[in-house]
Amino acid sequence: MDYLKIQGNTKLNGSIDISGAKNAALPLIAMTILAKSDLAITNMPDVVDIRTLLKLLQNLGASYTFEDNRLDINTSEVHHTKATYDIVKTMRASILVLGPLLARFGHCEVSLPGGCAIGQRPIDLHLKALELMGAKITIEAGYVKAEAPEGLVGCDIIFDKITVTGTANIVMAAALARGKTTITNAAREPEVAQLCEVLKASGIAIDGIGTSQITIEGTDRQLIDMSSFSVIPDRIESGTYLCAAAITNSELTLNKVRIDHLGSIISKLEEMGFKFTKEMNKITIHPAQKIKSVDIITQEYPGFPTDMQAQFLALATQAEGTSTIDERLFENRFMHVSELQRLGADIKLNGHVASIKGPTTLSGTDVMATDLRASSALVLAALVAEGETNIHRIYHLDRGYENLEKKLEAVGAKIERLKE
Ligand code: EPZ
């Protein structure tokens, strides 16, 4: 297994190009199951989760080429509809094939994803919504078995909780259903909005894109003639590198970003004393005179993203005073705390609220990544820690960050990837 060796307390400077958004690309790849013919998708991030979903689709019969961040995919030969445990257990977002497979073929089996480091993460809301659309759903031997031999029927769906992949699943199912579907309490994340925009550009009647109420007029199982498109920039990767600059109090420019997707992240960094220069799709963060403490509550978009919680927790160790972070979405998303404490951070956990006292001098040591965003928080802490930090189990990091160590090395970080 690989690990990262980072020599801390370095300043960064220069610019980083942001990659396409993993969490936009995953539903967009699942959406190709609804396409009538070949489709080209550019700005596709080359990360493990993307390769995993492409492998799953290939197992179902799809064919694709993926190089230089361009995916050419054809799903016309998809004939199998069983997403097996061996792949699904490695990536829970595989559940995104459930809606499209069921809508197109009238039957499918998808392994239950199983647990995950950050929480139980059930899929009950996905299943309840598909049943409302006429699917017969049973759970057999760890698999979701879904059947709708006459096709799905559009209806009014109200999600009890806002669910990102749940909304994506139902948008895709509704696109091929008979009649109109209204989703209330829909997720407003930009990744869901792009899925809707691509479907709308391909002729699907969709209203309410980016709002909490989306209506979709289905094609009654007619496959969709889709034109090629580019994946939106990754707002969480962008936020992670802004935090890398912030924690080392450096000036750094990010290119190829969507500034309009970074609102809550930028406003929290401004609260902490950082300044910004914003241009079209470029943003520069400038050092703070003094890094101020901050209070954060994670919420659904456009609120502060839970996927940035770990990164800000690391940053808060360098802020003056006590910061609080209240994690409202996942019940176990503080796995990075004990690793940060090993680096010397002064953090107290009280249920789903973390209190972080700063500034504390962090000292490099060996730490272990536990999940995707926790891993990036350890990288940030290592950049500012005195001495050397080795971060183990970085396969978590490779799931969602393209060329992280190369991007950081290019702006001055002393970071290398080695073999255990
Ligand atoms: C998506 O996960 C993202 N993953 C996650 O990013 C992100 O943390 C999460 O949304 C929240 O923003 C992808 O887009 C691939 P949810 P998802 O369904 O869709 C509960 C990363 O780091 N819930 O919005 O699985 C659930 O337990 C990953 O890139 C139900 O109770 O999250 C959670 O408490 C980590 N029943 C809350 O809703 C359901 O049927 C939000 O979950 C579905 C969800």
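Residues numbered from 1 in each chain as written. Predicted model: local features only at pLDDT ≥ 70, side-chain atom pairs only at ≥ 80, totals over all residues. Heavy atoms only, no water.

A few words now on the nonpolar core. Side chains of a nonpolar character, in soluble globular proteins, are inclined to be buried together. By size, the foremost hydrophobic cluster in this structure holds 82 residues, and its most contacted members are M31, V97, L130, M133, L152 and L199. With residues near it in sequence (within four places) discarded, L199 still touches M31, V171, A175, I204, I206, I224 and M226. (Core = buried A, V, L, I, M, F, W, Y, C linked by side-chain atoms within 4.5 Å. Buried < 20%, exposed > 50% of the residue type's maximum accessible area, 1.4 Å probe, protein only. Contact = heavy atoms within 4.5 Å.)

Now for the pattern of salt bridges. Per the counting criterion, the structure on display carries 22 salt bridges. Close ionic contact of K407 with E237 constitutes a salt bridge, the shortest N to O distance being 2.7 Å. In this pair, K407 sits in helix α14 (residues 404-409) while E237 sits in helix α8 (residues 235-247), placing the two residues 170 residues apart along the sequence. Looking at K407, the relative accessible area reads 14%, which means it is buried. For E237, a relative accessible area of 2% translates into the label buried. Among the charged side chains, a network of salt bridges with common partners joins D2, D398, E405, R417 and K419. (Salt bridge = Lys/Arg side-chain N within 4 Å of Asp/Glu carboxyl O. Helix = DSSP H or I, 4+ residues; strand = E, 2+ residues; numbered from the N terminus.)

With that settled, consider the packing of aromatic side chains. In total, this model carries one aromatic pair according to the counting rule given. With 4.9 Å between their ring centres and 90° between their planes, F304 and F312 make a pair best called edge-to-face. What makes F304 buried here is its relative accessible area of 5%. Directly above the ring of Y143 sits K82, whose terminal nitrogen or CZ lies 4.6 Å from the centroid. (Phe/Tyr/Trp six-rings, centres within 6.5 Å; stacked < 30°, edge-to-face > 60°. Lys NZ or Arg CZ within 6 Å of the ring centre and 35° of its normal.)

What follows is about the pairing of strand β7 (residues 107-111). Two strands pair when backbone bridges link them, and strand β6 (residues 82-83) and β7 are joined in this way by two bridges, in the parallel orientation. Across the sheet, residue K82 finds its bridge partner in β7, namely E109. One ladder, built from five bridges, connects β7 with strand β9 (residues 143-147); its direction is antiparallel. Among the inter-strand pairings, V110 is bridged to a residue of β9, identified as V144. (Pairing = 2+ DSSP bridges.)

Here we take up the sheet that holds strand β15 (residues 252-255). Taking strand neighbours across the sheet as the criterion, the four strands line up as β2-β15-β17-β16 in an open arrangement whose pairing is mixed. Of all strands in the sheet, those bounded by a partner on one side alone are β2 (15-17) and β16 (275-279). The sheet shows a mean angle of 20° between the axes of neighbouring strands, taken without regard to direction. Pairing analysis gives five bridges linking β16 to strand β17 (residues 282-286), with the strands arranged antiparallel. Within the sheet, the bridge partner assigned to T277 lies in β17 and is T284. Against the sheet, α8 engages β2, β15, β16 and β17, with an angle of about 170° to β15. Contacts from helix α9 (residues 263-271) reach β16 and β17, with the element oriented near 145° to β16. (Axes fitted to C-alpha atoms, helices over the stretch in contact; angles between N-to-C directions.)

Before going further, it helps to spend a moment on the site of the ligand. Contacts to the ligand come from 23 residues, most closely from D124, T163, T165, D307 and L329. One of the side-chain nitrogen or oxygen atoms of T165 is found 2.6 Å away from an oxygen atom of the ligand. R333 is positioned with one of its side-chain polar atoms (N or O) 3.4 Å from an oxygen atom of the ligand. Relative to its free-state accessible area of 830 Å², the ligand is covered by the protein chains to the extent of 89%. Taken together, the residues of the shell around the ligand break down into 11 nonpolar, five polar and seven charged. (Near = heavy atom within 4 Å. Polar contact = N/O pair within 3.5 Å; in protein donor to acceptor, adjacent residues only side chain to side chain. Areas by Shrake-Rupley, 256 points an atom, 1.4 Å probe, with all protein chains shown as cover. Nonpolar A, V, L, I, M, F, W, Y, C, P; charged D, E, K, R; others polar.)

So, about the sheet that holds strand β4 (residues 63-67). What the four strands build is an open sheet, ordered β4-β5-β3-β14; its pairing is mixed. The open sheet terminates on both sides in strands that have one partner only, identified here as β4 and β14 (229-230). Of the strands in this sheet, β4 and β5 (70-74) are in contact with helix α2 (residues 48-60), which crosses β4 at around 160°.

What follows deals with helix α11 (residues 335-342). In an α-helix there are 3.6 residues to a turn, and that puts residues three or four apart on one side. Along α11, the residues classified as buried are H336, V337, E339 and L340. On its buried face, α11 sits against α10 (309-316), β20 (346-350), β22 (366-368) and α12 (372-384). In the stretch just after α11, G344 is the one whose phi turns positive, near 110°.

On to unusual backbone geometry. For the peptide bond that leads from Y301 to P302, omega is 5°, which places it in the cis range. Mapping P302 onto the fold places it in the loop between β18 (295-297) and α10. Going from G358 to P359, the amide bond is cis rather than trans, its omega being -5°. Positioned with a positive phi, N185 is a non-glycine residue whose angle comes to about 65°. For N185, a relative accessible area of 25% translates into the label partly exposed. Residues other than glycine seldom take positive phi values, yet N403 does so here, at roughly 50°. By secondary structure assignment, the location of N403 is in the loop between α13 (395-398) and α14.

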